[in-house]
Amino acid sequence: MEKSNIVAQRLTIKLSDFEGPLDLLLHLIKKSELDIFDLPIATITAQYLAFIQAQQDMQLDVASEYLVMAATLVQIKSADLLPQETYDDDMLVEELNDPRDELMRQLLTYKQFQAASAQLRERESADHQSFARLPMAVPADFEPDMALAPGLGLVDLQVAFAKLLRKKRQHEPISRRVVREKMTMAHAVANIRQHFAAHQVGDMLPFESLFDQLHDRESLVMTFIALLEMAKEDQVILHQTDAQAEIFVEIENIDGHE
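Note that the structure is predicted; figures quoted are calculated from it, not measured.

Caption draft 1: Structural context of the pairing of strand E6 (residues 248–251). Pairing of strand E4 (residues 204–206) with E6, which is carried by three bridges, proceeds in the antiparallel orientation. What sits directly across from Leu205, in E6, is Val249. Two strands pair when backbone bridges link them, and strand E5 (residues 236–239) and E6 are joined in this way by four bridges, in the antiparallel orientation. Counted as the bridge partner of Val236 is Ile251 from E6.

As structure tokens, this is what we get:
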């Protein structure tokens, strides 16, 4: 893209094809199929200066940063033409910053930013083609398919479970045995039934008592889901007298068989 300004009755075109001297250098390197790690300074300097000279011949406004890069390239080229000093004693060699290495580092860094920018543009373009679905309202006649006492809703169970998780985090042991096997639904149901073993049908157990000896999040979540599944299958009934009261689990079935 080029934009034009009329200044003092003379047409001046500002070059905006490149975002800076590094962008121009990468363009020349790619066009000539050169290797950044083994960059022929003489060749790239000649191409760069020829490009800058062409812009000035066409009365294009060349930014000062392009001229600074041109001076840097000429300096590196001149240093390559000078004879290199040699030292018999390695301790006398003074470590100097090689401008060629610095230029290579800048080119590699800029190239990485170019690749990251291209990926971000692709993601932005993909996001523009996608539209989020509006949240669906819960039907007014919706009722959870599980045995809940009157006045007790699924949200109340979620709130109670969130409080349980916070309490568990506060009392989490500093060290514990690492278990490789993951908690499954069958294991969670079996653990809940172990709590029922010393009770009878109709007994009421505190909700939090089913999570004793459980500390990791996976076991806690799987036990909570198993409890909801058992309530759905009418194996337990969940009770709560009011919103602030403790939740109790009433045993409807001990062994899981009808």
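Anyway, onward from the coordinates.
Caption draft 2: Quick look at the packing of helix H1 (residues 21–32) against helix H3 (residues 64–81). Across the interface, H1 lies against H3 with an axial gap of 9 Å and an inter-helix angle of 55°. Relative to H3, the element H1 is oriented oblique. Across the interface between the two elements, Pro21, Leu22, Leu24 and Leu25 of H1 pack against Glu65, Tyr66, Met69 and Leu73 of H3.

Caption draft 3: Up close: the confidence of the model for the chain. Model confidence for the chain is summarised by a mean pLDDT of 76, while 75% of its residues fall at 70 or above. This model gives residues 1–15 a pLDDT under 50, and the stretch forms 26 contacts once residues within four places in sequence are excluded. Counted against residues more than four places away or in other chains, residues 91–95, with its pLDDT under 50, gives two contacts.

Caption draft 4: How the structure looks around the nonpolar core. Counting residues in each nonpolar core, the largest one holds 28 residues, and the members touching the most others are Phe196, Phe207, Leu210, Phe211 and Leu227. In terms of residue count, helix H7 (residues 217–232) provides more of this core than any other element does, eight residues in total. If we skip the residues at most four places from it in the chain, Phe196 touches Leu205, Leu210, Met230, Val236, Ile251, Asn253 and Ile254. Counting 22 residues, the second-largest nonpolar core is a separate cluster that includes Leu24, Ile41, Phe51 and Ala70.

Caption draft 5: Representation of a nonpolar patch on the surface. On the surface, Met185, Val221 and Ile225 cluster together into a nonpolar patch covering about 200 Å² of accessible area. Here Met185 is to be found in helix H6 (residues 185–196).

Caption draft 6: Main features of the sheet that holds E6. Ordered by their spatial adjacency, three strands build an open sheet running E4-E6-E5, and the pairing between neighbours is antiparallel. Two strands close off the open sheet at either side, each with one partner strand: E4 and E5. Strand after strand, the sheet turns through a mean of 30° between neighbouring axes, direction not considered.

Caption draft 7: How the structure looks around the packing of aromatic side chains. Per the counting criterion, the structure on display carries four aromatic pairs. Plain terms: the ring middles of Phe207 and Phe224 are 6.4 Å apart, the flat faces sit at 90° to each other, and that makes the pair edge-to-face. Of this pair, Phe207 sits in the loop between E4 and H7 while Phe224 is found in helix H7, placing the two residues 17 residues apart along the sequence. Each member of the pair, Phe207 together with Phe224, is buried. Chaining the aromatic ring pairs together yields one cluster made of Phe161, Phe207, Phe211 and Phe224.

Caption draft 8: Structural view of the pattern of salt bridges. With the rule as written, the count across this model stands at two salt bridges. A salt bridge links Glu208 to Lys167; the shortest N-O distance between them is 3.0 Å. On the criterion of sequence distance, the pair formed by Glu208 in the loop between E4 and H7 and Lys167 in helix H5 (residues 154–170) is long-range, its members being 41 residues apart. According to the relative accessible area criterion, Lys167 is partly exposed, its value standing at 38%.

Caption draft 9: Local environment of the packing of H3 against helix H4 (residues 99–128). Between H3 and H4, the shortest axis-to-axis distance is 10 Å and the interhelical angle comes to 140°. For the element pair H3 / H4, the angle class is oblique. For H3 against H4, the interelement crossing comes out left-handed. Contacts between H3 and H4 involve Met69, Leu73, Ile76 and Asp80 on the former and, on the latter, Pro99, Arg100 and Leu103. Split into classes, the residues belonging to the contact of H3 with H4 amount to five nonpolar, no polar and two charged.

Cut-offs used in this document
- Residues numbered from 1 in each chain as written.
- Predicted model: local features only at pLDDT ≥ 70, side-chain atom pairs only at ≥ 80, totals over all residues.
- Heavy atoms only, no water.
- Pairing = 2+ DSSP bridges.
- Helix = DSSP H or I, 4+ residues; strand = E, 2+ residues; numbered from the N terminus.
- Axes fitted to C-alpha atoms, helices over the stretch in contact; angles between N-to-C directions.
- Parallel < 35°, antiparallel > 145°, perpendicular 65-115°, else oblique.
- Contact = heavy atoms within 4.5 Å.
- pLDDT = per-residue confidence, 0-100.
- Core = buried A, V, L, I, M, F, W, Y, C linked by side-chain atoms within 4.5 Å.
- Buried < 20%, exposed > 50% of the residue type's maximum accessible area, 1.4 Å probe, protein only.
- Patch = residues over 30% accessible without salt bridge, like charges linked within 9 Å, V, L, I, M, F, W, Y side chains within 5 Å.
- Areas by Shrake-Rupley, 256 points an atom, 1.4 Å probe, with all protein chains shown as cover.
- Salt bridge = Lys/Arg side-chain N within 4 Å of Asp/Glu carboxyl O.
- Phe/Tyr/Trp six-rings, centres within 6.5 Å; stacked < 30°, edge-to-face > 60°.
- Left-handed = near helix turned anticlockwise from the far one by under 90°.
- Nonpolar A, V, L, I, M, F, W, Y, C, P; charged D, E, K, R; others polar.

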